[in-house]
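# Reading the structure
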Amino acid sequence: SRASTRGTSADTPPGSTLPGRAFAGAGAGGRGAEFAELRPYVSNVAVDVKARRQGIGSMLMRECEEEVRRWRPAQDKIWLEVSASNAAARRFYDALGYEVA
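The following refers to the structure shown. Since the structure is predicted, the reported quantities are computational estimates derived from the model, not experimental observations.

## A few points about the nonpolar core
In globular proteins that are soluble, nonpolar side chains generally tend to be buried together. Listed in full, the eleven residues of the largest apolar core are Val-42, Met-61, Val-68, Trp-71, Ile-78, Leu-80, Val-82, Ala-89, Tyr-93, Leu-96 and Tyr-98. For this core, the secondary structure elements donating two or more residues are α1 (56-69) and α2 (87-95).

## A few points about α1
Compared with an ideal rise of 1.5 Å per residue, which puts 14 residues at 20 Å, α1 spans 20 Å between its outermost C-alpha atoms and is within 8% of the ideal. Within α1, burial applies to Gly-57, Ser-58, Met-61, Glu-65 and Val-68. On an axial view of α1, the arc spanned by its buried residues comes to 100 degrees, and they lie on one face.

## Here's the deal with the pattern of salt bridges
Taken as a whole and assessed by the stated rule, the structure comprises two salt bridges. For Arg-69, the salt bridge identified is with Glu-66, shortest N-O distance 3.0 Å. Separated by three residues within a single helix, Arg-69 and Glu-66 lie in helix α1, roughly one turn from each other. Among the residues examined, Arg-69 registers a relative accessible area of 33% and is labelled partly exposed. Among the salt bridges present, the one from Glu-67 reaches Arg-70, with a minimum N-O distance of 2.7 Å. By relative accessible area, which is 35% here, Glu-67 ends up partly exposed. In this structure Arg-70 comes out as exposed when scored by relative accessible area, which is 52%.

## With respect to a nonpolar patch on the surface
On the surface, a cluster of nonpolar side chains totalling about 270 Å² of accessible area is made up of Val-45, Ile-56, Met-59 and Leu-60. Examined against the element boundaries, Leu-60 turns out to sit in helix α1. For Leu-60, a relative accessible area of 33% translates into the label partly exposed.

## A closer look at the packing of aromatic side chains
A ring pair, where both rings are aromatic, is described by two values, the distance of the centres and the angle of the planes. Following the criterion strictly, the structure yields two aromatic pairs and no others. Seen from their ring centres, Phe-92 and Tyr-93 are 5.0 Å apart, and the 70 degrees between their planes marks the pair as edge-to-face. With 5.9 Å between their ring centres and 75 degrees between their planes, Tyr-93 and Tyr-98 make a pair best called edge-to-face. Its relative accessible area of 10% is what places Tyr-93 among the buried residues. Residue classification places Tyr-98 among the buried residues on the basis of a relative accessible area of 4%. One aromatic cluster is present, built from ring pairs that chain together Phe-92, Tyr-93 and Tyr-98. Directly above the ring of Trp-79 sits Arg-39, whose terminal nitrogen or CZ lies 4.4 Å from the centroid.

Cut-offs and rules
As a convention, each chain's residues are numbered from 1 in the sequence order in which they are written. Totals for whole chains, interfaces and linings use all residues, but because this is a predicted model, local features are given only for residues with pLDDT of at least 70 and pairs of side-chain atoms are given and counted only at 80 or more. Water and hydrogen atoms play no part in the side-chain values, which are based on all heavy atoms of the structure. Put simply, buried Ala, Val, Leu, Ile, Met, Phe, Trp, Tyr and Cys residues joined by side-chain atoms within 4.5 Å make one nonpolar core. Relative accessibility decides the category of a residue: with a 1.4 Å probe and only protein chains considered, values under 20% of the type maximum give buried, values over 50% give exposed, and everything between is partly exposed. Helix and strand labels come from DSSP, where a helix needs a run of H or I of at least four residues and a strand needs a run of E of at least two; each type is numbered from the N terminus. Each helix should span, by expectation, one fewer than its residue count multiplied by 1.5 Å. By definition, the arc is the one covered by directions from the helix axis to the C-beta atoms. Within this document, salt bridges are pairs made up of a side-chain nitrogen of Lys or Arg and a carboxyl oxygen of Asp or Glu, the two lying within 4 Å of each other. Note that patches include only residues with greater than 30% relative accessible area and no salt bridge, and the join distances are 9 Å for like charges and 5 Å for nonpolar side chains (Val, Leu, Ile, Met, Phe, Trp, Tyr). In these tables, accessible area is a Shrake-Rupley quantity obtained with a 1.4 Å probe, and a residue counts as shielded only by the protein chains included in the view. Centre distance within 6.5 Å is the pairing criterion for rings of Phe, Tyr and Trp, where only the six-membered ring of Trp is used; planes under 30 degrees apart are then read as stacked, over 60 as edge-to-face, and the remainder as tilted. Look at NZ for Lys and CZ for Arg. If either is within 6 Å of the ring centre and within 35 degrees of the ring normal, a charge sits over the ring.

Shown next as structure tokens:
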């Protein structure tokens, strides 16, 4: 599922060719044929079992939120990939204020 934050902002990541866009294909002569919108995306956040429930996951997500606040142009969401069957992760993101989009 996807979740949005409580008001973050986003920027073009380094190396992209157009603000808010990423190269997605090649046309004749090697020119870009298509572009896709870039967005802040978090996948596979993991904390070792022995280190869980110590605030590390929350710290990682706060750092992600801080990073996208420095991006431009401004956006208001971070997209997450979370398995619908991963109840623990869904509770974690819910406690941080994320919601299913």
